[in-house]
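What follows is each chain in one-letter form.
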Amino acid sequence: MLDIGRLVRLVVILGLASTTYILYRAWETRRVRRTLVLQASCKDVAQYPHEDRLWGYDLMRQRQEAIKEGRLMPLYAKQFATYGKTWEENFMGTRLINTADKENIQHIATTPDHFGRNFSQRGRVGWPFTGRSVMSTDGAEWKHSRNLINPTFSRAEMSDIDGLGVYLDRLISLIPEDGQTFDIQPLFQKLFIDISTEFLFGKSMNSLLPDNPFDYEKFYAALERSLTGLMQRRQAGNMRSIRYAYDPEWKQAYTEVHAYIDERVAEALEKTSSSSPPTEAPEGKHRKYVLLQEMAKQIRDPIELRYQIIGVFLPARDTTSTLLSNALFNLARNPHIWDQLRQTALQLDPEKLTFESLKSLKDFRNVIFETLRLQGPSGRSQTAAKRDTVLPRGGGADGQSAILVKRGTHLSSNVWAMHHDPHLYPEPFVFKPERWAGKRQSWEFVPFLGGPRICPANQQVLTYATYTLVRLTREYAVIENRDPVLQYVELTKMTTRSRNGVKISLKR
Ligand code: HEM
């Protein structure tokens with residue numbers, strides 16, 4: 001028989017125990033936070049003056065307007081100039097700290113035990129499309145993915161410049177001969193999708209080939225819709241589940257992208273199955289590291305493999321192409337710098353270009369660095385605090401004191417705003433490659449970020465971008481801007497590129 005008295009006693013004891021536990025946890029949390037504040041002499045961080053203090057919807061609306069008008073990053077620059085280098089906002093009910101302070105950006109990037117991705121709900125919004133991969137995980141899971149990826153970007157792989165030549169020949173064959181106006185941005189997108197699908201999947205998409213049976217335009221449209229959906233969810237914060245509860249178009253778009261990737265995955269699993277003979281390298285050459293095949297040797301689950309490779313395919317497909325498009329955007333508006341690059345390029349033997357020789361071309365490097373500073377495709381890095389911790393700067397009226405960062409707080413390292421800080425870069429909105437002459441690398445310039453999660457492709461990007469610029473400046477004597485809009489209007493997706501494309505003419 002049920003003893004009511006004993007049951008009531010049990011419920012009371014359990015209630016008391018859980019209340020004691022909750023009170024203890026709250027006391028412990030306060031104690032830890034107070035200790036952190038005292039130890040680091042933390043002060044309060046500046047707060048964004050929200051009209052909507054509950055959800056911060058006013059700021060969200062401002063950002064959506066700015067995205068529509070292609071000026072999101074300049075809006076950030078204005079806000080950092082007004083509220084200081086570090087300030088906190090209410091991001092749809094979540095605390096979010098924005099920082100453009102070098103000390104904080106470095107601290108977040110180099111303290112992975114305190115700041116990470118996996119913890120961030122915001123980072124998970126794209127998971128049906130992007131899944132778990134090097135981009136979205138932390139700790140041992142991230143390390144495993146990163147170890148698989150790193151050899152793709154080894155010196156041996158990047159030294160193989162010969163492979164690029166054929167793609168550049170195809171690109172040049174599509175450039176109008178007679179100085180007609182054309183948009184080079186979509187051509188660069190095709191160039192880098194072809195190059196990256198070769199080294200990632202072992203099979204190029206060959207979108208630059210006119211008689212290619214693969215429907216690149218359809219795939220590209222699906223990819224763009226998938227990325228737009230991803231961005232919309234990130235922007236909607238905690239409202240995303242209500243706002244995008246029913247969105248079959250997004251699902252259809254990323255399913256199309258998955259279908260292409262899944263075919264490559266099936267091929268890689270087949271190639272690396274125990275019954276397939278190992279592939280031999282052509283005589284005198286090293287065997288190329290095809291990332292998907294190397295991954296398939298360790299991961300046999302096709303869904304896991306799909307997401308692992310998407311984590312590299314997405315950043316690969318439009319970043320270098322955006323960098324080069326932006327470089328030509330700037331060069332078309334500064335043709336005298338094109339002339340200088342051409343003088344250097346004409347003295348080179350295109351047959352003898354190597355990783356080292358490309359790296360030593362300082363004037364090309366300066367143009368690439370200045371483009372990355374002015375319009376870097378990856379302007380913000382999002383993380384979340386995995387525990388109660390501190391940031392070295394942002395506290396007090398002068399922003400020079402440390403600040404407390406509570407567990408779960410989201411952080412946005414705004415590298416773009418740091419790269420436009422007039423104290424670090426005089427005339428920050430002017431394209432001036434010469435500012436890089438003699439300048440040493442430091443945390444003031446981190447287009448690829450830094451620390452353990454630094455972009456693994458950073459050296460590859462610089463090599464491929466230099467090679468492409470050398471080939472184009474050798475080939476064409478004159479570049480002209482053909483866009484009546486002179487300023488850069490952003491198109492914000494996963495990365496930021498030029499909304500108006502890059503309309504130019506090139507003459508021999
Ligand atoms: C102009 C070109 C590029 C720029 C400016 C760039 C920039 C960046 C930045 C800033 C990060 C750190 C992101 C963060 O922590 O929030 C990153 C990470 C990453 N990038 Fe790039 N990237 C470029 C090209 C590429 C390419 C071509 C690939 C692949 C072939 C690539 C693969 C990756 C991967 C896999 C990560 C994640 C690394 C990790 O979390 O361990 N990136 N990139």
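Residues numbered from 1 in each chain as written. Predicted model: local features only at pLDDT ≥ 70, side-chain atom pairs only at ≥ 80, totals over all residues. Heavy atoms only, no water.

**Observations regarding the UniProt feature "transmembrane region" (unreviewed entry) in the chain**
Where we set the bar: UniProt positions are given in the numbering used here, feature names are shortened, and annotations may be inferred rather than shown by experiment. Per the convention used, a helix needs a DSSP run of H or I reaching at least four residues, while a strand needs a run of E reaching at least two, with both numbered from the N terminus.
What UniProt calls "transmembrane region" (unreviewed entry) maps, in this numbering, to residues 6-24. Helix makes up 100% of residues 6-24 and strand makes up 0%, while its end C-alpha atoms are separated by 27 Å.

**Focus on the sheet that holds strand β9 (residues 410-414)**
We count it as follows: Should DSSP find at least two bridges between two strands, the strands are regarded as paired.
An order of β1-β2-β3-β9-β6-β4 is seen for the 6 strands of this open sheet, with the pairing classed as mixed. The open sheet terminates on both sides in strands that have one partner only, identified here as β1 (46-47) and β4 (115-116). Looking at chain direction, β1 and strand β2 (residues 86-91) are connected through 2 bridges and run parallel. Paired with Ala46 across the bridge in β2 is Trp87.

**A look at the pattern of salt bridges**
Stated precisely, the cut-off is as follows: Definition used for salt bridges: Asp or Glu carboxyl oxygen within 4 Å of a side-chain nitrogen of Lys or Arg. The buried label applies to any residue whose accessible area, calculated with a 1.4 Å probe on protein chains only, is under 20% of its type's maximum; exposed applies above 50%, and partly exposed to all values in between.
For the structure shown, the criterion picks out 33 salt bridges. Of the charged contacts, one joins Arg95 and Glu88 as a salt bridge, the two residues approaching to 3.7 Å between their closest N and O atoms. Lys352 is the partner of Asp349 in a salt bridge, and the nearest nitrogen-oxygen pair spans 3.8 Å. With a relative accessible area of 35%, Asp349 lands in the partly exposed category. Judged by its relative accessible area of 60%, Lys352 is exposed.

**Here we look at the sheet that holds strand β10 (residues 478-481)**
Sheet strands pair by backbone hydrogen bonding; their relative direction is either parallel or antiparallel. This is how it is decided: Here a residue-residue contact requires only that any non-hydrogen atoms of the pair lie within 4.5 Å. Axis geometry follows a simple rule: fit a line to the C-alpha atoms, using only the stretch in contact for helices, then measure angles between N-to-C directions, giving values from 0 to 180 degrees.
Taken in spatial order, the 3 strands line up as β5-β13-β10 in an open sheet, and their pairing is antiparallel. The outermost strands of the open sheet, each flanked by one partner alone, are β5 (182-183) and β10. The strands touched by helix α15 (residues 302-333) are β10 and β13 (503-507); relative to β10, the strand with the most contacts, the crossing angle is about 95°.

**Section: the side chain of Arg233**
Formally: Two N or O atoms count as a polar contact when they lie within 3.5 Å, although within protein this holds only if one can serve as hydrogen donor and the other as acceptor, and sequence-adjacent residues are included solely when both atoms are side-chain atoms.
Checked against the element boundaries, Arg233 lands in helix α11 (residues 216-236). We classify Arg233 as buried; its relative accessible area is 6%. Within the structure, the side chain of Arg233 is placed 2.8 Å from the side chain of Asp247, a separation counted as a polar contact. Apart from residues lying up to four places away in sequence, Arg233 is in contact with Val125, Arg240, Tyr244, Asp247 and Trp250.

**A word on the site of the ligand**
This is how the line gets drawn: Any residue with a heavy atom lying within 4 Å of a molecule or strand is counted as near it. In this classification, Asp, Glu, Lys and Arg are treated as charged, Ala, Val, Leu, Ile, Met, Phe, Trp, Tyr, Cys and Pro as nonpolar, and every other residue, Gly included, as polar.
As a structural note, the neighbourhood of the ligand is formed by 25 residues, with Arg117, Trp142, Arg146, Ser381 and Cys455 the closest of them. Within the side chain of Arg453, one N or O atom sits 3.0 Å away from an oxygen atom of the ligand. Within the residue set of the shell around the ligand, elements represented by two or more residues are α7 (139-149) and α15. Sort the elements by how many residues they give to the shell around the ligand and α15 lands first, with 7 residues. Residues that form the shell around the ligand fall into these classes: 17 nonpolar, 5 polar and 3 charged.

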